[in-house]
Amino acid sequence: MFKKSSSGYTTPKSRSNATGACPDELPDFHDRQAAQVEWKALAPLLSHSPVVRVSRDGGKTYPHKWVRELNPNVLLPMPAAVHLHDRHGCGHVLVLDLDQAAGTVDDDYTALTQTLDANGALWFADASPSGGRHIYIPLNADVPHTVLADAARRLATRHLSVDPNPHYSADTGCIRPPGSVWKRGGHQRLITDLKEAIAAATLRNPESILEDLLAGIPASPPPSAANDVDVDVSAYVPDAQHQVAPRIARIARTGLYDTNRYPSPSEARQAVITACVRAGLTLVEVIRRIETGIWPGLAAMYRRYKMRQRTALTRDWTKAQTWLSNQGVSSVQSGTTSPQVTGGRLPTPSTHASLRRLERHLAHTEPPATDSSSRKRRYVLRALLAAAHQDGSLTIARGCRSLALSSGIDHTKIPAILTALCAEHRPLLRKVQDAHGKNAAAYELLPPDESASDNSPWGKGLPVHAVRPVFRVLGMTAADVYETLELHPCLTGRAIARLTGHSPTTVLDAIALLSSHGLITETVAGGNTTWTVTRAQDLVDAADRLGAVTIVAALVIRYRNERLLWWAWLAEQAQRRQAEYIPHTDLPPPLWPPEAA
């Protein structure tokens, strides 16, 4: 805390005089009006983003997808957390999260605040009804999240209740600010004076305060990020070329890396750049990802170069090209996987007309996808239509895993959905060939007689999509609303609810989610608010930023490995029976994983 000095600056005040600093002077955690005042005053000063992340599970998690506009005048009814880092992976507030379950909060709080006061630091703190506390140390410069994480980690070695995790990830690090709803009722409340907290958040500390705070505390190694998927960068192409491996994408987004593989951020940074060159990305594409906030982890790794970031990036890019050339590795990734969104054969005019007729029929007759079964039917049909356009044929042979990648549905559910589609009263699909050996079952789309109006949006040549990667994170309801706005721009919320079959409340929730991620934009005219989708590139950027591309890539890798095991099992069975191939229905499939057998 602080008081005015003759020089105009501030000097620390005795902790015993700080309002509410002692445990026996805790505020009323259920005073919503006071919480609203604290939220309005401090949330904008602490946040590095125009949005906040909310919790839908009672404060247990704050998923990256659940964001809402940061409105200082509106205190959300659910737990909300502000982002600690900006789109470049930097922050201007060191937050020490004192967890009641990890250590003695009161003792650590007293020791830390005494150290802060002794060093003349400006700080403020809040508490939760559970006894946990947050100490906020504002800085007057943007500092890479790795520096903030290192400071929190080193302090945690001396003060066990300090949880350094909020600063570890460049894109997901967040904290509940003063005033936010607490997970089991009540609010996060200031335990220091509000006016002094506002002054501290406004005046801030020099960056050197971190060195003073850490004096005498030895450096500690950074945490090692667990690798969910660890494969070579050329092992897959999720839905198009020019994508890096899940492990690499995670480093670029979060700044977390495997310390057993890379001894320092420099090696991790060079690995990301080398993977980008190997995948066929251009230098301009990487710069765009860094400067638009898609890869904040990588941006933070170049922060040390300040005004020479592009020079350093170009140097690393040249180094990667030279290394790949010396290794005899092509600089452009090749290879394909299912599903493919480009390429294929152009359909004949009659086939194209049949597909458009089927799409117009669906646009006019398809029931709203208000339950799980109707939603699965819709997106499997979309996947089949997209495959038919790619193949240039009404007959499609796609495996269950390929359709699962396109539709967002678990591959074990696909056979039942296909069977149900073929068994409908007026089917749009029929099975023409059973699966055998490596070949998937073949199905034929059955366009109905031309009866729908040509005014259908599908008749205008709009592309057919199944589930785009971003909606694996944002959810199928958001996908329904987005597709409806694609086909029918400038709709009100009630009109969207009528077309999709979802309740107005559900639609408004999806609209808020899509708008927060910049995927739709509003227009107010004549007292009515209408919505329209933004650029198609925004979908791609959001998928990359939310890690959806990594999810798809990991599925491709998993399905590819399972397919290779399946083929090996089929070859073994065919050799044992001295047969050319084994029908899929002849023997039960092997257990997954094979070690379980």
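Peer 1: How would you summarise the overall build of the protein chain if you had to cite specific residues and measurements?
Peer 2: Within the protein chain, the regular secondary structure consists of 20 helices and 16 strands. Out of the 597 residues belonging to the protein chain, those deemed buried represent 51%. Nonlocal contacts in the protein chain, meaning residues at least 24 apart in sequence, comprise 72% of its contacts between residues at least 6 apart. Carbon together with sulfur atoms contributes 53% to the accessible area of the protein chain, which is approximately 27,200 Å² in total.

Peer 1: Talk me through the sheet that holds strand β12 (residues 395–397); I want residue IDs and the actual numbers.
Peer 2: With antiparallel pairing, the three strands of this open sheet are ordered in space as β12-β14-β13. At either margin of the open sheet sits one strand with a lone partner, and together these are β12 and β13 (429–433). Sheet twist, expressed as the mean angle between neighbouring strand axes with direction ignored, is 35°. Pairing of β13 with strand β14 (residues 442–445) involves four bridges; the strand directions are antiparallel. Opposite Q433, over in β14, you have A442 as the bridge partner. Packing against the sheet, helix α14 (residues 414–422) makes contact with β13 and β14, and its axis sits at approximately 110° to β13.

Peer 1: Provide a residue-level description of helix α1 (residues 32–46), including the pertinent values.
Peer 2: Spanning 15 residues, α1 covers 20 Å between terminal C-alpha atoms, matching the ideal 21 Å at 1.5 Å per step. Roughly 30° is the biggest bend found in α1, and it falls at W39. The set of residues buried in α1 consists of A34, A35, E38, W39, L42, A43 and L46. Between a side-chain oxygen at the N-terminus of α1 and the backbone nitrogen of Q33 the separation is 3.3 Å; the capping residue is D31.

Peer 1: Please give an account of the pattern of salt bridges that cites residues and values.
Peer 2: Opposite charge on two side chains lets them pair, provided their charged atoms get close. The full count for this structure, using the stated rule, is 24 salt bridges. Between R310 and E291 there is a salt bridge; the shortest N-O distance is 3.0 Å. Pair noted here: R310 is in helix α10 (residues 309–326) and E291 is in helix α8 (residues 283–291), with a separation of 19 residues, a long-range link. By relative accessible area, which is 49% here, R310 ends up partly exposed. D480 is the partner of R378 in a salt bridge, and the nearest nitrogen-oxygen pair spans 3.5 Å. On the criterion of sequence distance, the pair formed by R378 in helix α12 (residues 372–391) and D480 in helix α16 (residues 476–487) is long-range, its members being 102 residues apart. Side by side, R378 and D480 carry an identical accessibility label, which is buried.

Peer 1: Break down the packing of aromatic side chains for me, citing the residues and quoting the values.
Peer 2: Tallied over the full model, the rule gives five aromatic pairs. On the basis of an interplanar angle of 80° and a centroid distance of 6.4 Å, the ring pair of Y109 and W123 is categorised as edge-to-face. Placement of Y109 in helix α2 (residues 105–118) and of W123 in the loop between α2 and β7 (124–127) is noted, with a sequence separation of 14 residues between them. W123 matches Y109 in its accessibility class, with the two residues each being buried. Geometrically, the ring pair formed by Y302 and Y305 is tilted, given 6.2 Å between the ring centres and 40° between the ring planes. When sorted by exposure, Y302 lands in the same class as Y305, which is buried. Over the ring of W295 we find R289; its NZ or CZ atom is 5.3 Å from the centre of that ring.

Peer 1: Hey, could you go over the environment of E562 for me, with residue numbers and the actual values?
Peer 2: Its location among the elements puts E562 in helix α20 (residues 548–577). For the pair E562 and R401, spaced 161 residues apart in the sequence, the C-alpha separation amounts to 9.6 Å.

Peer 1: Residues and numbers for the side chain of T484, please.
Peer 2: The residue T484 is located in helix α16 in this model. Setting aside residues up to four positions removed in sequence, T484 forms contacts with L491, L499 and T500.

Peer 1: So what's going on with the nonpolar core? Residues and values would help.
Peer 2: Membership of the largest hydrophobic core comes to 53 residues, with the highest contact counts inside it found for V52, F124, V470, F471, L474 and L514. Discounting chain neighbours no more than four positions away, the residues touching V470 are L539, A542, A543, L546 and A548.

Peer 1: Go over the environment of R303, please, and point to the residues and values.
Peer 2: Position of R303 relative to the elements: it lies in the loop between α9 (296–301) and α10. Separated by 158 residues in the primary sequence, R303 and H145 place their C-alpha atoms 9.9 Å from one another. When near neighbours in sequence (up to four residues on either side) are disregarded, R303 contacts C90, D142, P144 and Q309.

Peer 1: Describe the sheet that holds strand β9 (residues 162–163), naming the residues involved and giving the relevant values.
Peer 2: Taken together, five strands build an open sheet; the order of strands is β9-β6-β8-β7-β11 and the sheet is antiparallel. Each edge of the sheet is formed by a strand with only one pairing partner; in this case those strands are β9 and β11 (189–190). Sitting on the sheet, helix α4 (residues 194–203) is in contact with β7, β8 (133–144) and β11, with an inclination near 125° to β7.

Peer 1: Explain the packing of helix α11 (residues 349–365) against α12 residue by residue, including any values.
Peer 2: Two numbers describe how α11 lies on α12: the axes approach to 11 Å, and their chain directions differ by 160°. The angle between α11 and α12 falls in the class roughly antiparallel. Here the hand of the crossing between α11 and α12 comes out left-handed. Contacts between α11 and α12 involve H352, L355, R356, L358, E359 and L362 from the former and L381, R382, L385, A388 and H389 from the latter.

Peer 1: Outline the side chain of T254, listing residues and values.
Peer 2: Residue placement: T254 occurs in helix α6 (residues 246–254). A polar contact is formed between the side chain of T254 and the backbone nitrogen of L256, at a distance of 3.1 Å.

Peer 1: Let's hear about the pairing of strand β15 (residues 520–525): which residues, and what values?
Peer 2: Bridge count for β15 against strand β16 (residues 528–533) is six bridges, and the pairing is antiparallel. By the bridge assignment, V524 is partnered in β16 with T529. Connecting β15 to the antiparallel partner β16 that follows it, the hairpin turn spans two residues, and G526 within it adopts a positive phi of roughly 60°.

Peer 1: Provide a residue-level description of α2, including the pertinent values.
Peer 2: Since the α-helix packs 3.6 residues into each turn, any two residues three or four apart lie on the same face. Along its 14 residues, α2 runs 20 Å from first to last C-alpha, staying within 8% of the 20 Å computed at 1.5 Å per residue. Looking only at α2, the buried set comprises V105, D108, Y109, L112, T113, L116 and D117. Down the axis, α2 shows its buried residues gathered within 160° of arc, on one side only. Seen from the open side of α2, the exposed residues pointing more than 90 degrees away from its buried face are D107 and A118.

Here is what the cut-offs are and how they apply
- Residues numbered from 1 in each chain as written.
- Predicted model: local features only at pLDDT ≥ 70, side-chain atom pairs only at ≥ 80, totals over all residues.
- Heavy atoms only, no water.
- Helix = DSSP H or I, 4+ residues; strand = E, 2+ residues; numbered from the N terminus.
- Buried < 20%, exposed > 50% of the residue type's maximum accessible area, 1.4 Å probe, protein only.
- Contact = heavy atoms within 4.5 Å.
- Areas by Shrake-Rupley, 256 points an atom, 1.4 Å probe, with all protein chains shown as cover.
- Pairing = 2+ DSSP bridges.
- Axes fitted to C-alpha atoms, helices over the stretch in contact; angles between N-to-C directions.
- Expected span 1.5 Å × (residues − 1).
- Bend = angle between axes of the 7 residues up to and from the residue.
- Polar contact = N/O pair within 3.5 Å; in protein donor to acceptor, adjacent residues only side chain to side chain.
- Salt bridge = Lys/Arg side-chain N within 4 Å of Asp/Glu carboxyl O.
- Phe/Tyr/Trp six-rings, centres within 6.5 Å; stacked < 30°, edge-to-face > 60°.
- Lys NZ or Arg CZ within 6 Å of the ring centre and 35° of its normal.
- Core = buried A, V, L, I, M, F, W, Y, C linked by side-chain atoms within 4.5 Å.
- Parallel < 35°, antiparallel > 145°, perpendicular 65-115°, else oblique.
- Left-handed = near helix turned anticlockwise from the far one by under 90°.
- Arc of directions from axis to C-beta.

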